[in-house]
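Structure at a glance
Listed below, chain by chain, are the residues.
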Number of protein chains: 2
Amino acid sequence: MRVLIVHAHPETASFNASMMRKAVSTLAEVGHEVLVSDLYAMEFDPVSDRRNFRTVADAERLDQQREEAYASANGGYVVELQAEMDKVVWCNALILQFPLWWLSMPAILKGWFDRVFALGRSYGGGRWFDRGVHAGKLALCSVTVGGPPELYSDHGFYAPLEQILFPVHRGILGFTGFTVVEPFIVYGPQRMSRAERLARLGDYRRRLLALESLPRVENPRTSDYEGFVRKPSGAGDRLG
Amino acid sequence: MRVLIVHAHPETASFNASMMRKAVSTLAEVGHEVLVSDLYAMEFDPVSDRRNFRTVADAERLDQQREEAYASANGGYVVELQAEMDKVVWCNALILQFPLWWLSMPAILKGWFDRVFALGRSYGGGRWFDRGVHAGKLALCSVTVGGPPELYSDHGFYAPLEQILFPVHRGILGFTGFTVVEPFIVYGPQRMSRAERLARLGDYRRRLLALESLPRVENPRTSDYEGFVRKPSGAGDRLG
């Protein structure tokens with residue numbers, strides 16, 4: 001496999017960074033090629049606007065999707081975005097390594113998607129879900145969570161992680177065609193002993209070695225729908 | 001009321017910007033005080049790390065929450081963050097104006113929360129939900145959505161907007177104590193006629209005039225829980 005790891009933590013001594021390095025070494029050890037986009041180290045700018053483009057479709061009024069369509073057709077992305085887009089094309093597995101901040105991705109990672117997953121490059125023209133641009137590629141979220149697991153259940157303050165990660169799994173990865181495998185979650189690494197943290201890194205290693213056969217997160221198939229609405233005769237699984 | 005509008009769209013001719021201006025004029029007209037944080041116009045930096053702080057609790061290893069606790073106790077935030085924190089303290093109603101990008105907030109707004117809603121300023125020490133720092137304040141999400149409403153239902157590709165906004169309503173606003181009112185959603189303003197857009201701005205005006213009496217989004221109460229887990233004898237409503 002060709003694996004792209006997008007890493008979003010500012011501290012090189014963090015557990016997230018340890019997980020990223022564990023993934024690099026584990027995947028390389030079994031012969032996969034690995035690239036890392038270490039967003040903090042790269043000083044990646046997550047703000048999406050005209051700074052994304054070298055081309056201009058409409059100088060009067062910024063319509064981001066119109067500019068993206070135009071830039072996609074005319075090689076109009078700035079060098080740092082084109083480089084990230086090329087990595088996404090290159091890979092056949094994408095790993096997101098991030099801490100859950102406010103029940104979602106840190107802004108630096110959200111902005112990577114806002115800018116890199118552009119119209120004409122990651123979607124457009126009816127290419128979504130099983131017909132998506134990235135169909136055939138795997139995606140895994142590897143996430144640390146500050147609070148204890150009891151918070152993240154139907155009986156806690158929040159909700160199960162599958163629901164919390166729905167915008168990422170369904171709205172970004174599933175939408176653009178990725179086959180999404182079940183996330184790897186570590187709760188409260190900051191309260192663990194060193195031995196416990198090492199054990200969780202071992203768990204992560206085993207998960208990575210089985211990456212291609214892991215259980216998948218359910219995403220819809222376009223054939224289940226007509227005009228965006230589920231057919232009465234559809235596969236029957238409730239979405240969302 | 002003292003209303004803070006946090007606005008996250010790069011184009012001043014966008015429908016989001018029209019909604020922001022409609023809110024400013026409507027609220028001012030009936031005597032409320034209004035402040036706007038126009039994040040793109042301010043060139044707000046959404047990346048959270050040591051750049052947040054003038055103080056240093058641990059120069060060796062960045063633990064963001066530890067640095068936040070220390071900065072909160074020692075007036076250690078950089079000027080641009082302290083200014084945003086002061087606005088949040090000042091207001092008794094918070095309006096978020098944003099387009100839904102990838103089923104969540106644009107990175108520039110996500111990073112506003114990552115940086116401004118710091119430990120010791122917006123939460124900490126058992127202050128959450130009904131005991132939260134911002135208890136007694138109202139919050140409203142005013143959101144534009146690119147796709148049609150059929151996509152956002154139990155029978156569409158995605159899920160109802162309430163589920164998609166769960167991380168914001170529950171994890172950020174509810175967690176820090178805000179009373180969250182039902183969101184104002186406009187689907188597909190880019191495909192509307194000018195007359196339709198004006199009609200939706202009129203709807204928004206009426207919604208704003210009723211802000212204090214709008215239906216609320218359900219959030220948990222700390223008294224329903226012991227040790228983070230819902231009591232069997234609790235209020236009985238399923239979370240999430």
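Residues numbered from 1 in each chain as written. Chains lettered and ligands numbered in written order. Predicted model: local features only at pLDDT ≥ 70, side-chain atom pairs only at ≥ 80, totals over all residues. Heavy atoms only, no water.

All names here are of chain B. Within the span of helix α2 (residues 64-74), buried status applies to Q64, E67, E68, A71 and S72. The buried side chains of α2 occupy one side of the element, clustering within an arc of 135° when seen end-on. Contacts from the buried residues of α2 go to α4 (107-116). (Buried < 20%, exposed > 50% of the residue type's maximum accessible area, 1.4 Å probe, protein only. Helix = DSSP H or I, 4+ residues; strand = E, 2+ residues; numbered from the N terminus. Arc of directions from axis to C-beta. Contact = heavy atoms within 4.5 Å.)

Turning to the relation of the copies chain B and chain A, a few remarks are in order. Two chain copies, one operation linking them: a rotation about an axis together with a shift along it. With an axial shift of 0.0 Å and an RMSD of 0.0 Å, the rotation relating chain B to chain A amounts to 180°. Taken together, the rotation angle and the small translation identify this as a two-fold axis. The C-alpha atom lying nearest the rotation axis in chain B is that of A107(B); the distance is 2.4 Å. A shared interface surface links the copies, since 100% of the contact residues of chain B are contact residues in chain A too. (Least-squares fit on C-alpha atoms with pLDDT ≥ 70 in both.)

Moving on, we come to the pairing of strand β4 (residues 138-145) of chain B. Residues and elements named next belong to chain B. The buried fraction of β4 is high, at eight of eight residues. Residues L138, L140, S142 and T144 of β4 are buried on one face, and the alternating residues A139, C141, V143 and V145, pointing to the opposite face, are buried as well. Sheet analysis places strand β3 (residues 93-99) next to β4, joined by seven bridges and oriented parallel. Bridging across to β4, Q97 finds its partner in S142. (Pairing = 2+ DSSP bridges.)

Formed by 110 residues in total, the largest nonpolar core has its most connected members in W112(A), L173(A), W112(B) and L173(B). With residues near it in sequence (within four places) discarded, W112(A) still touches L4(A), V6(A), L39(A), F44(A), E84(A), V88(A), L94(A) and F117(A). (Core = buried A, V, L, I, M, F, W, Y, C linked by side-chain atoms within 4.5 Å.)

All right, on to the pairing of strand β2 (residues 33-38) of chain A then. All names here are of chain A. Sheet topology places strand β1 (residues 2-7) next to β2; six bridges connect them, and they run parallel. Counterpart to H7 in the pairing with β2 is D38. Considered for its hand, the β-α-β crossover made up of β1, helix α1 (residues 15-29) and β2 is right-handed. (Right-handed = clockwise from strand over helix to strand, strands pointing away.)

Turning our eyes to something else, we now look at the confidence of the model for chain A. All names here are of chain A. For chain A, per-residue confidence averages 93 on the pLDDT scale, and residues scoring 70 or more make up 94% of the total. Across chain A, β1 holds the top mean pLDDT of 99, while strand β8 (residues 229-230) sits lowest at 58. Ignoring residues within four places in sequence, the model shows residues 232-240, a span with pLDDT below 50, making 20 contacts including any to other chains. (pLDDT = per-residue confidence, 0-100.)

Taken together, the contact between chain B and chain A spans 58 residues of the former and 58 residues of the latter. Between chain B and chain A lies a buried interface of about 4,900 Å² when both sides are counted; carbon and sulfur atoms form 67% of it. Applying the counting criterion to the chain B and chain A interface returns zero salt bridges. Counting the contacts that link chain B with chain A gives 16 residue pairs in polar contact (both at pLDDT 80 or more). Within the residue set of the side of chain B that touches chain A, elements represented by two or more residues are α4, α5 (161-164), α6 (166-174) and β8 (229-230) of chain B. No other element matches the six residues that α4(B) contributes to the side of chain B that touches chain A. Its residues assigned to classes, the side of chain B that touches chain A shows 35 nonpolar, eleven polar and twelve charged. (Buried area = accessible area lost by both parts, 1.4 Å probe. Salt bridge = Lys/Arg side-chain N within 4 Å of Asp/Glu carboxyl O. Polar contact = N/O pair within 3.5 Å; in protein donor to acceptor, adjacent residues only side chain to side chain. Nonpolar A, V, L, I, M, F, W, Y, C, P; charged D, E, K, R; others polar.)

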